[in-house]
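What follows is each chain in one-letter form.
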Amino acid sequence: MKAVTWQGKRDVRVEEVPDPRIQEPTDAVIRVTSTGLCGSDLHLYEVLTPFMTPGDILGHEPMGIVEEVGAEVTGLKPGDRVVVPFQIACGHCYMCGTGLPTQCETTQVTGEGMGAQLFGYTRLYGAVPGGQAEYLRVPQAQFGPIKVPEGPADDRFVYLSDVLPTAWQAVEYAGVPQGGSVAVLGLGPIGDMACRVARAKGAERVFGVDLVPERLRRARERGVETFDLRSFDSEKELVAAIRDETGGRGPDAVIDAVGTEAHGGAAAKLVQQAAAVMPRAVGGKLAERFSVDRLAALYTAIDLVRRGGTISLSGVYGGMADPMPMLTLFDKQIQMRMGQANVRRWSDEIIPYLTDEDPLGVDDFATHRVPLTDAPHAYEMFQKKQDGAVKVLMKP
């Protein structure tokens, strides 16, 4: 089969690889019909290269048709249409039972000290072959796949794999009060969808911050009050402008949908770049021991949120050495929540929004739809924010 493979920093290729097969009685194999290109994939493309191995199959946002199931998978049958969550979880351990499948005790990557396995996402999360491929082996298929109805195009449901639950959890963790306010830093796919979810769930004012014109325009069209970073000489000016809109306090909550590759932080960027070009054995240790984060977005969130407010982190962070303004966090009495999205925890709440009325705008959320063979160009375009690329779907 054809699959998108990682070969090095900014080097992905579509190659012929062996077809997946049933290996465990809890496995399924699906034929992928749509698969997304995620902002998290760009971390592998650019920053987290020390944790990658040439030939790794990328991707964690697939949906498709069940081709085969293992003997212990009773809830699926060949021909079912399913969305596959990006994490791999059993559904019956203590952590899954508490609504935290990202911490599944059956699939935790204990050798790396990490949580549940993820599709297509570095050795830290199990180096499980990903979904940017023609076919996908799905472990723990007795729990993970979400059955969806026939009829609507894939665009209606594919975002259940990651974008929708990640944005939904970001808003839930933000704890925006009814009629309250929230600022979303970064209007890529997750930030854009988080704005839509926040409005749908009752936030009165939603502020969106970015510097890419296409992203700002999309958000404005959905009723978001946008702030263009390029219009401000400093972070302090941006914070002051949003505070002016909230009685001088700042918003009730801030969602950081940017993460480790925020603009700013020259020293941290230098460490990221150094780790990415070193041999994996050396670069991985550097990235684990020292910072791989640029915290400009998080620092802005801490400054911006009102006293007693909440910061919700959905952007991926991976560093350890950056200084945190603990005095400010303590003095402002800021609450902070974060983590990978627990897809199956939220999927049943989200599905009622995926109707023909399309209140979240999923049907036209993708800006680009390309064949899988165009993946190298899609990665480059998305990473460089070219051609108005916000969300890319690939068709095997």
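Looking at an unreviewed UniProt entry, the protein chain carries the name Molecular chaperone GroES, with the source organism given as Streptomyces ambofaciens. The record in UniProt for the protein chain states the following under Cofactor (unreviewed entry): "Zn(2+)". According to the UniProt record, the Sequence similarities (unreviewed entry) comment for the protein chain reads "Belongs to the zinc-containing alcohol dehydrogenase family."

Student: Report on the pairing of strand E10 (residues 225-228), specifying residues and quantitative values.
Tutor: Where strand E9 (residues 205-210) meets E10, 4 bridges bridge the pair, whose relative direction is parallel. In the sheet register, phenylalanine 207 faces E10, and the bridge partner there is glutamate 225. Crossover connection from E9 via helix H5 (residues 213-221) to parallel E10: handedness right-handed.

Student: Got a sec to walk through the sheet that holds strand E13 (residues 335-338)? Specific residues and values, please.
Tutor: The 6 strands are arranged E10-E9-E8-E11-E12-E13 in an open sheet whose pairing can be described as parallel. What marks the edges here is a single partner per strand, and that holds for E10 and E13. If you compare each strand with its neighbour and ignore which way they point, the axes differ by 20° on average. Pairing of strand E12 (residues 310-313) with E13 involves 4 bridges; the strand directions are parallel. Looking across to E13, one finds that serine 312 is bridged to arginine 337. Strand contacts of helix H9 (residues 296-304): strand E8 (181-185), strand E11 (253-256), E12 and E13, with the helix running at about 165° to E8, the strand carrying the most contacts.

Student: Would you mind going over a nonpolar patch on the surface in detail, with residue names and values included?
Tutor: On the surface, Tyr299, Met324 and Met326 cluster together into a nonpolar patch covering about 270 Å² of accessible area. Relative to the elements of secondary structure, tyrosine 299 occurs in helix H9. When its relative accessible area of 33% is taken as the criterion, tyrosine 299 is described as partly exposed.

Student: Any details on the packing of aromatic side chains? Residues and values, ideally.
Tutor: Inspection of every chain in the model, using the stated rule, returns 6 aromatic pairs. Centroid distance tyrosine 121 to tyrosine 125: 6.3 Å. Interplanar angle 55°. Geometry classified as tilted. Their ring planes at 75° and their centres at 5.3 Å tell us that tyrosine 159 and phenylalanine 365 sit as a pair that is edge-to-face. Remark: phenylalanine 365 occurs in the loop between helix H11 (343-350) and strand E14 (368-371) and tyrosine 159 occurs in the loop between strand E7 (146-147) and helix H3 (163-174); sequence separation between them is 206 residues. Three or more aromatic residues joined by ring pairs make a cluster, and in this case those are Phe207, Phe227 and Phe232. The ring of phenylalanine 365 has arginine 218 sitting right over it, with the charged end atom 5.1 Å from the ring centre. Across the ring face of phenylalanine 143, the terminal group of arginine 344 is positioned such that the distance to the ring centre comes to 5.3 Å.

Rules of the game
Residues numbered from 1 in each chain as written. Predicted model: local features only at pLDDT ≥ 70, side-chain atom pairs only at ≥ 80, totals over all residues. Heavy atoms only, no water. UniProt positions renumbered as here; feature names shortened; annotations may be inferred. Pairing = 2+ DSSP bridges. Helix = DSSP H or I, 4+ residues; strand = E, 2+ residues; numbered from the N terminus. Right-handed = clockwise from strand over helix to strand, strands pointing away. Axes fitted to C-alpha atoms, helices over the stretch in contact; angles between N-to-C directions. Contact = heavy atoms within 4.5 Å. Patch = residues over 30% accessible without salt bridge, like charges linked within 9 Å, V, L, I, M, F, W, Y side chains within 5 Å. Areas by Shrake-Rupley, 256 points an atom, 1.4 Å probe, with all protein chains shown as cover. Salt bridge = Lys/Arg side-chain N within 4 Å of Asp/Glu carboxyl O. Buried < 20%, exposed > 50% of the residue type's maximum accessible area, 1.4 Å probe, protein only. Phe/Tyr/Trp six-rings, centres within 6.5 Å; stacked < 30°, edge-to-face > 60°. Lys NZ or Arg CZ within 6 Å of the ring centre and 35° of its normal.

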